[in-house]
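Chain residues, written in single-letter form:
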Amino acid sequence: MLSVFAAPRLRWFTLPGLILLPALAVGAPAPAELTQAWTSIANSRPQDVLRKWDADRTSRPEQLAWATAQLSVQPTTDANLQAAGKVLTGLAGGDDELAAEAAYLQARLYQLYYAQPDYAKAAELYRALAARRPESHWAQLGLVKLAMLKLYVVPDSAAPGTDRLAPAEALLAGIHEPLLQRDLHLQIGQAGIALKQPLARLLPHLVAADRIGGISGTAHEDLVVQLSVLSLRAGLPAQAKFYCERYLAEYPDNARAFTIRLKLKEAEQQLAKEAAP
Amino acid sequence: MRRRTRRFGFWLLLLAYGVASYWVFTRSTPVINERPVTIRFAHWQIERGPPDGVAAAIKRYEELNPRVKVEQLLVPGATIYPQWMRSNLAGGMGPDLMEWGMWMSGTKDIPARYFEPLTAELAQPNPYNRGTSQEKIPWEKTFHDQLLGPRRDSPDPGQIYAVTISETSVRLFCNIELLKTITGSVAAPKTYDDFRQILAKVQDYARRTGRLIYGLAGSRDNGLWVAENVFSGPLLGVTRELDDPGYLYLYDRNALAAYLEGRWNYHTPAVEAGMTLIQEMAKAMKPGFLQLLRNDAMLEFFRGEAVFIYTGTYDATTLRRMSTFKVVPMRLPSVTPDDPVVGRYVIGIGGEGSGETGVAIYLNRNSAHKAEALDFLRFLTSVPGNQLFTDNSGWLPSVNGVRVPDEIKNFREYQLGYTLGQAPFDIIGSEMNLVWNQNFYRLMGEHGSVGQFADALDQAMPVAIRKDLQNEMRNTLLLVRPQDSIIVATAELAAGPPADEAQSVRQHGMEAGQTMSEGLAFQMQLELEKTAGKK
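Please read these numbers as outputs of a predicted model, since none were measured by experiment.

J.: Give me the overall build of chain A: which residues, what numbers.
T.: Scanning chain A from N- to C-terminus turns up 14 helices and zero strands. For chain A, with 277 residues in total, the buried portion stands at 43%. Sequence separation of at least 24 residues holds for 47% of the intrachain contacts in chain A that already meet a minimum separation of 6.

J.: Give a description of the interface of chain A and chain B that names residues and reports values.
T.: Chain A puts 42 residues into the contact, and the matching count from chain B is 46 residues. Elements represented by at least two residues in the side of chain A that touches chain B include exactly α2 (31–42), α4 (60–72), α6 (97–113), α8 (137–152), α10 (178–194), α12 (217–233) and α14 (257–275) of chain A. With nine residues, the top contributor of residues to the side of chain A that touches chain B is α12(A). Split into classes, the residues belonging to the side of chain A that touches chain B amount to 23 nonpolar, 12 polar and seven charged.

J.: Break down the sheet that holds strand β5 (residues 170–175) of chain B for me, citing the residues and quoting the values.
T.: Residues and elements named next belong to chain B. Spatially, four strands are ordered β6-β7-β5-β8 in an open sheet, and the strand pairing comes out mixed. At either end of the open sheet lies a strand with only one pairing partner, and these are β6 (214–216) and β8 (327–330). The mean inter-strand angle of the sheet, taken between neighbouring strand axes irrespective of direction, is 25°. As judged from the five bridges shared by β5 and strand β7 (residues 306–312), these two strands associate in the antiparallel manner. Following the sheet pairing, leucine 172 is matched in β7 by tyrosine 310. Contacts between helix α7 (residues 176–183) and the sheet are confined to β5, β7 and β8, with β5 contributing the most and set at about 65° to the helix.

J.: Before we move on, can you summarise the sheet that holds strand β2 (residues 68–74) of chain B with the specific residues and values?
T.: All names here are of chain B. Taken in spatial order, the six strands line up as β2-β1-β3-β9-β4-β10 in an open sheet, and their pairing is mixed. Two strands lie at the open edges of the sheet, namely β2 and β10 (396–397), each paired on one side alone. One ladder, built from two bridges, connects strand β1 (residues 37–43) with strand β3 (residues 97–99); its direction is parallel. If you follow phenylalanine 41 over to β3, its bridge partner there is leucine 97.

J.: Can you break down helix α12 (residues 294–302) of chain B residue by residue, with the values?
T.: All names here are of chain B. Here α12 has its buried residues at Arg294, Ala297, Met298, Glu300 and Phe301. Along the long axis of α12, the arc covered by the buried residues comes to 160°, so they all point the same way. Buried-residue contacts for α12 involve β5, α9 (220–242), β7 and α13 (316–322).

J.: Residues and numbers for the nonpolar core, please.
T.: A:Leu129, A:Ala147 and B:Leu216 are the most contacted members of the largest nonpolar core, which has 178 residues in total. In terms of residue count, helix α17 (residues 450–495) of chain B provides more of this core than any other element does, 16 residues in total. B:Ala57, B:Tyr61, B:Val70 and B:Met98 belong to the second-largest nonpolar core, a separate cluster that totals 45 residues.

J.: Hey, could you go over the packing of α4(A) against α17(B) for me, with residue numbers and the actual values?
T.: It is at 8 Å that the axes of α4(A) and α17(B) come closest, and there the two elements cross at 155°. Relative to α17(B), α4(A) is oriented roughly antiparallel. Note that α4(A) runs across α17(B); the crossing there is left-handed. Contacts from A:Thr68, A:Ala69, A:Leu71 and A:Ser72 in α4(A) reach B:Pro482, B:Asp484, B:Ser485, B:Val488 and B:Ala489 in α17(B). Among the residues making up the contact of α4(A) with α17(B), the classes are represented as five nonpolar, three polar and one charged.

J.: Go over the confidence of the model for chain A, please, and point to the residues and values.
T.: Should pLDDT be low for a region, the predicted coordinates there are not to be read in detail. For chain A, mean pLDDT is 87; residues scoring 70 or higher make up 89% of the total. Scored below 50 in pLDDT, residues 1–27 of chain A shows six contacts in the model against residues more than four places distant or in partner chains.

J.: So what about the pairing of β5(B)? Which residues, and what values?
T.: All names here are of chain B. Of all six residues that make up β5, five are buried, and the element is covered over most of its length. The sheet contact formed by β5 and β8 spans four bridges and is antiparallel. Looking across to β8, one finds that cysteine 174 is bridged to valine 328.

J.: Summarise the domain arrangement of chain B; cite the residues concerned and give the values.
T.: Residues and elements named next belong to chain B. Per the domain assignment, the segments of chain B are domain 1 (1–28), domain 2 (33–167 + 360–397), domain 3 (170–351 + 415–428) and domain 4 (467–530). Put simply, the middle of domain 3 and the middle of domain 4, counted by C-alpha atoms, are 39 Å apart. On the side of domain 4, five residues touch domain 3, which itself brings five residues to the contact. The class makeup of the residues in the side of domain 3 that touches domain 4 is three nonpolar, no polar and two charged.

Calculation rules
- Residues numbered from 1 in each chain as written.
- Chains lettered and ligands numbered in written order.
- Predicted model: local features only at pLDDT ≥ 70, side-chain atom pairs only at ≥ 80, totals over all residues.
- Helix = DSSP H or I, 4+ residues; strand = E, 2+ residues; numbered from the N terminus.
- Buried ≥ 20, exposed ≤ 12 C-beta atoms within 10 Å, placed from the backbone.
- Contact = placed C-beta atoms within 7 Å.
- Nonpolar A, V, L, I, M, F, W, Y, C, P; charged D, E, K, R; others polar.
- Pairing = 2+ DSSP bridges.
- Axes fitted to C-alpha atoms, helices over the stretch in contact; angles between N-to-C directions.
- Arc of directions from axis to C-beta.
- Core = buried A, V, L, I, M, F, W, Y, C linked by C-beta atoms within 7 Å.
- Parallel < 35°, antiparallel > 145°, perpendicular 65-115°, else oblique.
- Left-handed = near helix turned anticlockwise from the far one by under 90°.
- pLDDT = per-residue confidence, 0-100.
- Domains from an automatic or database assignment.

Written out as C-alpha cells, the structure is:
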C-alpha cells in the first residue's frame, strides 16, 4: 500500500497541508462536534455545549447551536437571553434555512422567553419570516404561532361581534405542511370554544384536524370525545354517531365509554326522528 | 525505624480515610461494581408486597442481563419522598427511574423539568412480550387501561411520560366479625343509605356498650380518600354543566376557570350536598383523625376499633397478612338519585371506568443509563415481568395477559357510570387545597356546619384559585420553553447527514405537543385576564 509519506512530492505537499488544515477549517464546522452539540441539546443537556463552547464560535451552524443551547440553559437570565438574541439576529440576516431557523427562534424569544413578552414584536418577526422564506418549515411553523397570537393576544379586532377565528383562518391558507395545518385547525377549534364562538364555525376545524390524523396521547382521545359531544350539540347526529362509534371501537373500556354509549343512543334517537315521515 | 513505620501507617490511614470520605460524599455506588451498569429505581410503595414483587422482577431481569444491576430504593412516600425527589433531581443525582404522582402537591413541574417522554417507544411492541399474548402489540396498548393516568397527567397533551406497573382501586375493607357482632348481619351495604345506616348502628353500639369502636378507621389520608369518593357523586351534574369543550370530563384548569367566572362556588347546592356527605363520613371517624396518618388508621383497624377501613387495594396485602380477623373487601356504594338526603342533586352513578393502572414510573431525563433503564421498564411491564410482580406482591397487574391470582380477582369489578374529571372540588389546585384544609374544622364536631364551611371557603378561594390557575399556566409554559431548543436540535439531527427518520418523527411530535400546550397556556391567560378584578 502506498503511503502518502512515501512519495517525496506528496510528502512536501501533504505535511504542511495537514498542519494547515485545522486553520483552513476555521469557519467550517467539525461535523462530529456539531452533531454532538445538537445531541446534547436534544437530550436537554445544553450545559454540555456551553461548557465546551463560548459565544465567539465562528461557523454559523456552531453559532446557532450555541444560541439554541443558551436559550434553554438554567438558570434563565436576561444576560443569557440577550446574548442568544444577538447571535440569532446576526444569523437571521442570511438567506438560507439556517437563517430561517434563527429568525424563528428570534421571534420565540420575544413571545416566550423575555420576562416581559412582546407579542406584537414576535408577530412582526413571524410575519417577516413568512414573507421572506414562505416555503421554509420554520416560516410555516411560525405561521401557526402567529395565528395563535392573533387568536388570543394580538387580535386584528377585539370588538364584540368580531369573528375572532377569521384572521387565523386566513393564515391557514399559507400553510402547506399537512401536520402544521392539522395543528392549526386544532388550535382554531379549541380557541373557538374558549372564545365562545358558534359551534358551526369551530367544529369543521376539529373535524379537519382529526381527518389529517396523527394526534397522539390524551389529545387524541379528547378530540374524539369532543367531536362526539359537540356534533350532537350542533345538531349533527350522523357525525356524532360516527365519532361515538369510533370512540367505542378505540377505547371500549375507558371511563368515558359509559357516557359515550348514552350519547350514541341519543344520536341514534335523533336520526330516527329525522328519518320518520 | 519503628517511628517511621508508625508515621507511614498513620498517613496511610489518613489517606484511606480521605479517599473513603470523598467516595461517600461524591458517589452513590459501591467502590467495586459487580456489573458495568447500575440503574437505580426509586418508589414509595413500601407496603407489604410491592418491594417483593419488584425484587422478583429485578432478579429475573439481572439473570437475563448480566451487564446490568438494578437497585430498588424504597423511600417513604407521605413525608419524605417529594422533598427527596426534588433535591436529588435538582442536584443531578436523581435515580434513573422514579415513581411520581399528580396528587403530590408542589411537584407538578417535575415531569416537564426532569422526565423523558416515552411516546415514541410506547408506539413499538415490547420485545420482552415475545412469545406471549401481547407480542407485536404496541407497548402502550398492552396496558389494561392503555395508560389512562399517564396520558391524563402528562404535562404535554401529545406525549406520554410514564408507564404503570400495577392497578389499584379503592375499597371498603370490613372486619366481618365485628360487623356481625354489631349489626347481626355480614351483608355488604347495597346502597349508600344502607352504609349510612350501618354507620349509625356502629355509633349506637359504641354508645350503648362503652366500647371504643368507630365505623371507619380514621386518618388524614383515609379521610381524604373517602371524601373524594362521596364528594364526587353530587358533583357529576356540576361537571356536566361546566363542560364547554365537550370532554365529558373536567380538567382542573377548567374547574378553576369556571370558579373565577362565577359559574360555581361552595354554596352551589350540589357542592353543598357533597360537603354534607363528607361531614357524614368524618363523623364516623375518631375525633382528631386529621392529625393521624395512614398507618394509624391501619393500627386502629387491626386493634378491632373500627368496622371498616376505606383504602386502596394497595393496602390489601398488608391487611391480609397482618390482621388477626377475617377481612372482606366491599365496594362503597355510590350515592344515587334516590338517596334520601342528597339524591335530588345527583344525576346518576359515578363510574370507575374499567379500572385505572397506577404506580407510574418515569425515566429521568438526565439518567446516565437511559437505554438500560428503559429496557428494565420494558421488562417490568412485560407479561413475564409483570407476572412476577403480581405473584410476589399480591397487587393487581397493569398489563394484559398477566394471570390475576384468585384472591384479588374481585378488585377488578368496577362500577360503570358517569365520569367526573381530574378531581373533586377540594383538590383541584394546591393553594385551594390549603384553604380547604385550613377551614376543614368548620365542618367537623358538634358545631360544624356545611354553611359555615362554605362561607369561609368562598371568602378565601378567589385569591387561592387565581393563584392555582396562574401556577397551572406557569407550569405549562415551563414545559413549552425548553422544547424550542429540543425541536431545533432534533430538526438538525433529522436533517443529518445522515438523515435520521426517528429524529424527524420526534421533532414533529414535539412541535404538535408544544403547540397544544401553548394553546392551553393562552386559554388560561385569557381566563385570568377575563376574570381579573372579579370577586
